[in-house]
Amino acid sequence: GRVFDAGTRLAIPGAKVLVAGTELADSAGADGGFRFDRFPAGPQSLLVSFPGYPPKSFAVEAKGGETTGVNAALVDTANVGSVEGVVADAGTGLPIREARVAAEGTELAALTDSAGRYVIENVPAGMHKLLVTCAGYINAYTVVRLVKDWNVTVNLQLRKTEATRGAPAPVK
């Protein structure tokens, strides 16, 4: 696997990687890579840590004789902010439920609730492209700049795809 910074995508050499409940341990190399030659089969938990980052656990399902790769992204919580807002239908102005809002290039994302609200926390400071996707709508994106400890509000609107325009609303 590989250990890297979620914001910069740079390797974190020297990060400690432990297999929970065992004595297996490794340190990430210069490229962030780590390896276990005798990894136990079945569901396992990897514990990854490095000074300046909170420890993080990653679930791994290892099958006998197969190679399993894990990308372990650590978030520098000393230099993060959050993004929140509402996703709405551009034609009606109504909130969109279960739209996915993701900070591209990271593993950070959120689904909107019934009011169209979303919150993505611990987003690394810097420029991020927010990608918004939802079934029946055209994907959209915007760029947001985050500074440490900022809470940025980004409200977004999605347009229906041609196939869903004028179609009756699903009955619930």
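Thresholds applied
- Residues numbered from 1 in each chain as written.
- Predicted model: local features only at pLDDT ≥ 70, side-chain atom pairs only at ≥ 80, totals over all residues.
- Heavy atoms only, no water.
- Helix = DSSP H or I, 4+ residues; strand = E, 2+ residues; numbered from the N terminus.
- Buried < 20%, exposed > 50% of the residue type's maximum accessible area, 1.4 Å probe, protein only.
- Areas by Shrake-Rupley, 256 points an atom, 1.4 Å probe, with all protein chains shown as cover.
- Lys, Arg positive; Asp, Glu negative; His and termini not counted.
- Charge placed at Lys NZ, Arg CZ, Asp CG, Glu CD.
- Contact = heavy atoms within 4.5 Å.
- Pairing = 2+ DSSP bridges.
- Axes fitted to C-alpha atoms, helices over the stretch in contact; angles between N-to-C directions.
- Patch = residues over 30% accessible without salt bridge, like charges linked within 9 Å, V, L, I, M, F, W, Y side chains within 5 Å.
- Salt bridge = Lys/Arg side-chain N within 4 Å of Asp/Glu carboxyl O.

Enquirer: Is there a simple way to think about the overall build of the chain in this case?
Expert: For the chain, the count of helices and strands is zero helices and 14 strands. Secondary structure of the chain in N-to-C order comes out as β-β-β-β-β-β-β-β-β-β-β-β-β-β. Taken along the three principal axes of its C-alpha coordinates, the chain extends 60 × 40 × 25 Å. Taken over 172 residues, the chain has a buried fraction of 34%. For the chain, the exposed surface amounts to about 10100 Å²; the carbon and sulfur share of it is 52%. Looking at charge distribution, the chain has the averaged site of its 17 positive side-chain charges lying 5 Å from that of its 17 negative ones.

Enquirer: Mind showing me how you'd approach the side chain of His128 here?
Expert: Note that His128 resides in strand S11 (residues 126-133). Dropping the residues within four chain positions of it, His128 is found in contact with Thr106, Val123, Thr142, Val143, Val144 and Leu146.

Enquirer: Mind showing me how you'd approach the sheet that holds S11 here?
Expert: Consider a sheet: its strands pair through backbone hydrogen bonds, and that pairing is either parallel or antiparallel. With antiparallel pairing, the four strands of this open sheet are ordered in space as S9-S8-S11-S12. The sheet is open, and its two edges are formed by strand S9 (109-111) and strand S12 (140-146), each paired on a single side. Averaged over all pairs of adjacent strands, the angle between strand axes in this sheet comes to 20°, irrespective of strand direction. With seven bridges connecting them, S11 and S12 associate as antiparallel partners. Each bridged residue has a counterpart across the sheet, and for Gly126 the counterpart in S12 is Leu146.

Enquirer: What should I look at first to understand a nonpolar patch on the surface in this one?
Expert: Taken together, Met127, Tyr141 and Val143 make up a surface patch of nonpolar side chains, about 350 Å² in accessible area. Relative to the assigned elements, Val143 resides in strand S12.

Enquirer: How do you make sense of the pattern of salt bridges when you look at a structure like this?
Expert: Side-chain pairing between opposite charges can occur once the charged atoms of the two side chains come close. Under the definition given, this model contains four salt bridges. In this structure, Asp37 engages Arg35 in a salt bridge whose closest nitrogen and oxygen atoms are separated by 2.8 Å. Judged by relative accessible area, Asp37 falls into the exposed class, the value being 64%. For Arg35, a relative accessible area of 62% puts it in the exposed group.

Enquirer: Looking at this structure, I do not really get the sheet that holds strand S4 (residues 42-50). What am I missing?
Expert: With antiparallel pairing, the four strands of this open sheet are ordered in space as S3-S2-S4-S5. The sheet terminates laterally at strand S3 (25-27) and strand S5 (53-62), the two strands that pair on one side only. Strand after strand, the sheet turns through a mean of 20° between neighbouring axes, direction not considered.

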